[in-house]
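Analysis of the macromolecular model
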Amino acid sequence: MRKLLRSERRTGSSFDLSPQRRLRLYRRGFLSTSGVLYDFASNDPAAYLTDYQRFVGTKRINGHWNALIDNKLAFHRVLGEFPDHRPAVYGLLTDGRFHAFDPASERVTLTDGGLELEHSPETMTGAPTVTPIDWVDETLSEGDRLVLKWFSGGGGNNVHFLERTDGEYLFDGEPMTESELAETLAGLENYLVCEFVEQADYAAELFPDAANTLRVLTMYDERAGEAFIPIAIHRIGTRDSAPVDNFSNGGLSALIDRETGRLGAGAEYPRDGAVDWYETHPGTGARIEGTAVPGWEQIRDRLLEIAEMLSHVPYVGWDLVVTGEGEFRIIEANSYPGVASLQVHRPLLADARTRRFYRNHGVI
């Protein structure tokens with residue numbers, strides 16, 4: 001409830017809505033943002049998952065397993081079961097030090113007693129700690145990039161990019177001296193230092209200055225004994241959102257056809273009071289509508305396999321970077337993902353199977 005109210009305080013004043021309309025939205029469980037984002041004129045409001053249901057109800061679906069998904073380090077180790085689909089995590093920034101990991105040395109397995117962390121003896125080299133700038137200076141070669149992200153939470157606000165180009169450091173695209181970078185890194189508390197994943201050519205053509213990710217929602221249907229995808233979108237960065245692609249930061253959201261992998265038009269967050277739609281990218285001119293995710297069928301089916309192997313976590317929003325035809329890396333996951341960038345395209349509860357899932361888990 002605190003997060004729900006905080007979201008309204010943060011975004012509600014951005015929209016020119018009458019007090020009467022806001023009150024009607026609140027009574028139905030929606031924030032002011034949803035009154036602008038969602039097409040209530042064409043769709044029954046009851047077909048949309050409300051903001052109250054999202055913030056309060058979906059939080060409960062995975063129960064205590066939420067911590068396994070939302071803690072990025074724990075989730076990275078769970079993905080040790082799927083090494084082809086996880087980026088490396090090199091270490092942790094905390095207390096002004098860099099704590100190094102061996103990315104091949106550990107994984108989490110599930111046992112009757114809970115979680116068990118396994119180490120591979122042949123790759124264990126200890127976990128030395130050094131000053132962050134010393135590690136970066138020794139490790140980051142010319143042209144290399146790293147991703148620094150806070151160990152918990154999403155939204156793109158706690159993600160930074162570090163690279164070395166032409167002999168200088170760039171932090172989120174801005175030049176920094178070594179002493180400035182040393183001070184910046186020492187101030188980052190509980191940040192993971194991760195591999196930068198290179199996106200496939202089609203995604204770079206859409207917008208080259210952000211990793212343009214897929215958000216795929218999976219649900220585990222206990223009646224059928226299988227996972228399914230109720231909706232999937234392609235997020236696309238813009239000049240306003242760079243270096244990330246988040247919808248609320250100014251990125252675009254394009255619906256993915258779950259059968260063909262083709263994109264619809266890109267929706268833009270309604271900063272001017274209305275949702276704008278783009279068939280081509282407003283900055284690069286690249287075609288969005290009709291563009292196909294290469295190897296979508298393989299990506300979809302493999303992700304469903306992973307979701308079924310983690311069926312004890314029945315509700316996950318996956319963030320993927322497509323790296324080649326049918327190939328992808330999972331950069332993170334969310335245990336109760338936001339739905340604004342999904343439902344801007346269509347209401348989730350209009351689908352009977354999706355509605356049944358939420359009902360079975362006490363959300364609606």
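Just so it is clear, the structure is predicted and the values come from calculations on it, not from any experiment.

Things to note about the confidence of the model for the chain
Of the residues in the chain, 91% have a pLDDT of 70 or more, and the chain-wide mean is 90. Under a pLDDT of 50 for its full length, residues 105-127 has, in the predicted model, 42 contacts with residues more than four places off or in other chains.

Details of helix H12 (residues 352-360)
Three- or four-residue spacings in an α-helix give side chains the same orientation, since the helix completes a turn every 3.6 residues. Listing the buried residues of H12 in full gives Thr354, Phe357 and Tyr358. Projected onto a plane normal to the axis of H12, the buried residues spread over an arc of 95 degrees and lie on a single side. Exposed side chains of H12 directed beyond 90 degrees from the buried face belong to Ala352 and Asn360. On the buried face of H12, the contacting elements are strand S11 (214-221), strand S12 (226-236) and strand S16 (315-324). The N-cap residue of H12 is Asp351: its side-chain oxygen and the backbone nitrogen of Arg353 are 3.3 Å apart. Phi turns positive one or two residues past the end of H12, at Gly362, with a value near 70 degrees.

Topic: the environment of Val89
Within the fold, Val89 resides in strand S1 (residues 89-94). Distance from Val89 to Phe196, taken between C-alpha atoms, is 9.8 Å for residues 107 residues apart in sequence.

Examining a positive patch on the surface
There is a patch of like positive charges on the surface, built from Arg2, Lys3, Arg6, Arg9, Arg10 and Lys59. Position of Lys3 among the secondary structure elements: in helix H1 (residues 2-11). For Lys3, a relative accessible area of 43% translates into the label partly exposed.

A look at a negative patch on the surface
A surface patch of negative charge is lined by Glu142, Asp144, Asp166 and Glu168. Within the fold, Asp166 resides in the loop between strand S7 (159-165) and strand S8 (168-171).

Let's talk about the pattern of salt bridges
One pass over the full model with this rule turns up 11 salt bridges. In this structure, the salt-bridge partner of Glu195 is Arg329, at a minimum N-O distance of 3.2 Å. On the criterion of sequence distance, the pair formed by Glu195 in strand S10 (residues 191-195) and Arg329 in strand S17 (residues 327-334) is long-range, its members being 134 residues apart. Its salt-bridge partner being Arg235, residue Asp319 comes within 3.0 Å of it at the nearest N-O pair. In this pair, Asp319 sits in strand S16 while Arg235 sits in strand S12, placing the two residues 84 residues apart along the sequence.

Comments concerning the sheet that holds S17
Across the sheet, which stays open at both edges, the seven strands sit in the order S15-S14-S13-S12-S11-S16-S17 with antiparallel pairing between neighbours. Unpaired on one side and paired on the other, strand S15 (276-278) and S17 mark the two borders of the sheet. On average, each strand axis in the sheet is inclined to that of its neighbour by 30 degrees, with strand direction left out of account. Against the sheet, helix H10 (residues 296-309) touches S11, S12, strand S13 (252-256), S16 and S17, its axis set at about 130 degrees to S12.

Thoughts on the side chain of Glu8
Relative to the helices and strands, Glu8 resides in helix H1. Within the buried set, Glu8 has no salt-bridge partner at all; the shortest N-O distance to an opposite charge, 4.0 Å, is to Arg22. When sequence neighbours within four positions are dropped, the list of residues in contact with Glu8 reads Ser13, Arg22, Tyr26, Leu31 and Ser32.

Structural notes on the side chain of Gln53
Position of Gln53 relative to the elements: it lies in helix H4 (residues 51-57). Assessed through its relative accessible area of 16%, Gln53 is described here as buried. The residues touching Gln53, leaving out its near neighbours within four places in the chain, are Tyr48, Thr58, Leu349, Val363 and Ile364.

Notes on the packing of aromatic side chains
Describing an aromatic ring pair means giving the distance of the ring centres and the angle of the ring planes. Overall, the coordinates contain 15 aromatic pairs when judged by the stated rule. A ring pair is formed by Phe40 and Tyr48, whose centres lie 5.2 Å apart and whose planes are at 90 degrees; its orientation type is edge-to-face. Ring geometry for Phe161 and Phe196: centres 6.3 Å apart, planes at 75 degrees, overall edge-to-face. Remark: Phe196 occurs in the loop between S10 and helix H9 (201-206) and Phe161 occurs in strand S7; sequence separation between them is 35 residues. Just as Phe161 is buried, Phe196 falls in that class too. Each member of the aromatic cluster is reached from another via a ring pair, and the members are Phe30, Tyr38, Phe40 and Tyr48. The ring centre of Phe101 lies 5.3 Å from the NZ or CZ of Arg77, which sits over that ring. Cation over ring: Arg353 sits above Phe228, and NZ or CZ is 4.2 Å from the ring centre.

Focus on the nonpolar core
Judged by nonpolar contacts, the single largest core of 41 residues is most densely connected at Tyr202, Leu214, Val293, Trp318, Leu320 and Ile330. No other element matches H10, which puts six residues into this core. Not counting residues within four places of it along the chain, the set of residues in contact with Ile330 comprises Phe75, Leu79, His85, Arg86, Pro87, Leu303, Ile306, Trp318, Asp319 and Leu320. In this structure, Leu17, Ile61, Met219 and Leu348 belong to the second largest nonpolar core, which totals 29 residues.

About the criteria used
- Residues numbered from 1 in each chain as written.
- Predicted model: local features only at pLDDT ≥ 70, side-chain atom pairs only at ≥ 80, totals over all residues.
- Heavy atoms only, no water.
- pLDDT = per-residue confidence, 0-100.
- Contact = heavy atoms within 4.5 Å.
- Buried < 20%, exposed > 50% of the residue type's maximum accessible area, 1.4 Å probe, protein only.
- Helix = DSSP H or I, 4+ residues; strand = E, 2+ residues; numbered from the N terminus.
- Arc of directions from axis to C-beta.
- Polar contact = N/O pair within 3.5 Å; in protein donor to acceptor, adjacent residues only side chain to side chain.
- Patch = residues over 30% accessible without salt bridge, like charges linked within 9 Å, V, L, I, M, F, W, Y side chains within 5 Å.
- Areas by Shrake-Rupley, 256 points an atom, 1.4 Å probe, with all protein chains shown as cover.
- Salt bridge = Lys/Arg side-chain N within 4 Å of Asp/Glu carboxyl O.
- Lys, Arg positive; Asp, Glu negative; His and termini not counted.
- Charge placed at Lys NZ, Arg CZ, Asp CG, Glu CD.
- Pairing = 2+ DSSP bridges.
- Axes fitted to C-alpha atoms, helices over the stretch in contact; angles between N-to-C directions.
- Phe/Tyr/Trp six-rings, centres within 6.5 Å; stacked < 30°, edge-to-face > 60°.
- Lys NZ or Arg CZ within 6 Å of the ring centre and 35° of its normal.
- Core = buried A, V, L, I, M, F, W, Y, C linked by side-chain atoms within 4.5 Å.

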